[in-house]
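# A structural walkthrough
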Amino acid sequence: MADLALVFGSVGLGSLLSDLTRLEKSATGVGGTLSTMVSTITGPAGIAAATAAIGSFAVDSVKAFGEFETSLNSLSAITGATGKDLEFFSDQAKSIGETTTVSANEAVKAFELIGSAKPELLKSKEALADVTKEAIKLAEASGMSLPDAAKSAVGALNQYGAAADQAGRFVNVLAAGALEGASPIAASTQALEQFGSVANGFNVSIEESIGLVQTLADKNKMGAEAGTALRNVLLKMQTIKALDKKAIDDLNRLGVNMDLVSNAALPVSARLKELQKV
């Protein structure tokens, strides 16, 4: 059994499963998470706090016309948008400046930042605008800077190969996880960078993944360290039948159903429950 503990690491499979169930439910039922958080900070007292938290990206809603035009020209160079397409971005940025703590000028910079981080968004101005708005919601709700929020949102989407229309779901899951667990959004993103693609390939959803990240955070394992540990566990689960003979014999002796553990069609909680026998 000691050998198997080394094989699967020291993440604590039993507690990992029990905590995952609680945290996954929180990450799944997140429809109102950001709206609640944003409504709190957009009250009279909240605006000032949110503005300070966003930092250099949350400034007065009106920027000098020259700066705005310069930003639009830069966005045009990146996206190739001209004419009505560029006017679309201009209108969207002004709307963002009027309805959020982010200025119109900084919204244009966010379009460029997110488009550069997820190039496929450059093919659709609407998709780019939608993802940017979700990143802004994340920044406002969490107190992160807009660049960091954009990196977190787009990074998570990229790890899972998710389309732009999933941005709202991913942002809500990140926010709900941070609200319920101990891992802040930035640390959760660092963890996803280490194991997100493996999780996606093993049919572990973003909700399940954030549940796993927050479970390890409760045990003071966060960021890249948590992501590396989870990646190793998932890879071992995927290739469990390829373990050495002694490990296979031990698993058989303990009654572990290796077909179940490696079955990507099943929820990760069911697979981890089988590994509790280790």
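Residues numbered from 1 in each chain as written. Predicted model: local features only at pLDDT ≥ 70, side-chain atom pairs only at ≥ 80, totals over all residues. Heavy atoms only, no water.

### Section: the overall build of the chain
In terms of helices and strands, the chain carries 16 helices and zero strands. Contacts spanning at least 24 positions in sequence make up 70% of the contacts within the chain whose residues lie at least 6 apart. Summed over its atoms, the accessible surface of the chain is roughly 12,100 Å², and 54% of this surface lies on carbon and sulfur atoms. (Helix = DSSP H or I, 4+ residues; strand = E, 2+ residues; numbered from the N terminus. Contact = heavy atoms within 4.5 Å. Areas by Shrake-Rupley, 256 points an atom, 1.4 Å probe, with all protein chains shown as cover.)

### Here we look at the packing of helix H8 (residues 125-142) against helix H9 (residues 146-159)
The geometry of H8 relative to H9 is characterised by a closest axis approach of 8 Å and an angle of 120° between their N-to-C directions. Taken together, the axes of H8 and H9 are oblique relative to one another. Considering how the two elements wind past one another, H8 and H9 form a crossing that is right-handed. Two secondary-structure elements touch here, H8 through Val-131, Ala-135, Ile-136, Leu-138 and Ala-139 and H9 through Leu-146, Ala-149, Ala-150, Ser-152, Ala-153, Val-154 and Leu-157. Of the residues belonging to the contact of H8 with H9, the class tally is eleven nonpolar, one polar and no charged. (Axes fitted to C-alpha atoms, helices over the stretch in contact; angles between N-to-C directions. Parallel < 35°, antiparallel > 145°, perpendicular 65-115°, else oblique. Left-handed = near helix turned anticlockwise from the far one by under 90°. Nonpolar A, V, L, I, M, F, W, Y, C, P; charged D, E, K, R; others polar.)

### Thoughts on the pattern of salt bridges
According to the stated counting rule, one finds eleven salt bridges in the structure shown. Glu-106 is the salt-bridge partner of Lys-109, the closest N and O atoms lying 3.7 Å from each other. Of the two residues, Lys-109 and Glu-106 are both situated in helix H7 (residues 104-117); the distance of three residues between them amounts to about one turn of the helix. Using a relative accessible area of 38% as the deciding quantity, one classes Lys-109 as partly exposed. Counted as one network, the salt bridges with shared partners bring together Asp-85, Lys-125 and Glu-126. (Salt bridge = Lys/Arg side-chain N within 4 Å of Asp/Glu carboxyl O. Buried < 20%, exposed > 50% of the residue type's maximum accessible area, 1.4 Å probe, protein only.)

### As for the confidence of the model for the chain
Looking at the chain as a whole, the pLDDT averages 83, with 77% of positions reaching at least 70. Taken as a whole, residues 47-51 scores under 50 in pLDDT and shows eight contacts with residues more than four places along the chain or in a different chain. Contacts for the low-pLDDT stretch residues 53-64, under 50 throughout, to residues beyond four places or in other chains number 28 contacts. (pLDDT = per-residue confidence, 0-100.)

### Concerning helix H11 (residues 185-201)
Taking 1.5 Å per residue as the helical rise, H11 with its 17 residues ought to reach 24 Å, and the 22 Å between its terminal C-alpha atoms agrees with that figure. Maximal helix bending in H11 amounts to about 60°, located at Phe-195. Residues of H11 that are buried make contact with H8, H9, helix H10 (167-180), helix H12 (206-217) and helix H13 (223-238). Two residues or fewer after H11 comes Asn-203, characterised by a positive phi angle close to 60°. (Expected span 1.5 Å × (residues − 1). Bend = angle between axes of the 7 residues up to and from the residue.)

### What to know about the packing of aromatic side chains
One pass over the structure, following the stated rule, counts three aromatic pairs. Measuring from ring centre to ring centre gives 5.7 Å for Tyr-160 and Phe-170, while their planes differ by 70°; the resulting arrangement is edge-to-face. Taken together, the residues span a long stretch of sequence, with Tyr-160 in the loop between H9 and H10 and Phe-170 in helix H10 at a distance of ten residues. There is no split in this pair, since Tyr-160 and Phe-170 are both buried. Members of the aromatic cluster, each reached through a chain of ring pairs, are Phe-88, Phe-89 and Phe-111. (Phe/Tyr/Trp six-rings, centres within 6.5 Å; stacked < 30°, edge-to-face > 60°.)

### Re unusual backbone geometry
Excluding glycine, residues mostly have negative phi values, and the peptide bonds linking residues are mostly trans. One non-glycine residue, Asn-203, lies in positive phi territory at about 60°. Tracing the backbone shows Asn-203 in the loop between H11 and H12. Residue Asn-203 is classed as partly exposed on the basis of its relative accessible area, which comes to 45%. Not every positive phi belongs to a glycine, and Asn-220 is a case in point at roughly 65°.

### Some words on the packing of H7 against H9
Here H7 crosses H9 at 30°, and the two axes come no closer than 10 Å. The angle between H7 and H9 falls in the class roughly parallel. The crossing of H7 and H9 is right-handed. Mapping the contact onto sequence places Glu-106, Ala-110, Leu-113, Ile-114 and Ala-117 in H7 and Leu-146, Pro-147, Ala-150, Val-154 and Asn-158 in H9. Here the residues of the contact of H7 with H9 are counted per class, giving eight nonpolar, one polar and one charged.

### Structural notes on the environment of Leu-86
By the secondary structure assignment, Leu-86 is in helix H6 (residues 83-99). Judged by relative accessible area, which is 17%, Leu-86 ranks as buried. Distance in space between the C-alpha atoms of Leu-86 and Ser-76 is 6.8 Å, their sequence separation being ten residues. Leaving out residues up to four positions away in the same chain, Leu-86 has contacts with Leu-72, Ser-76 and Ala-81.

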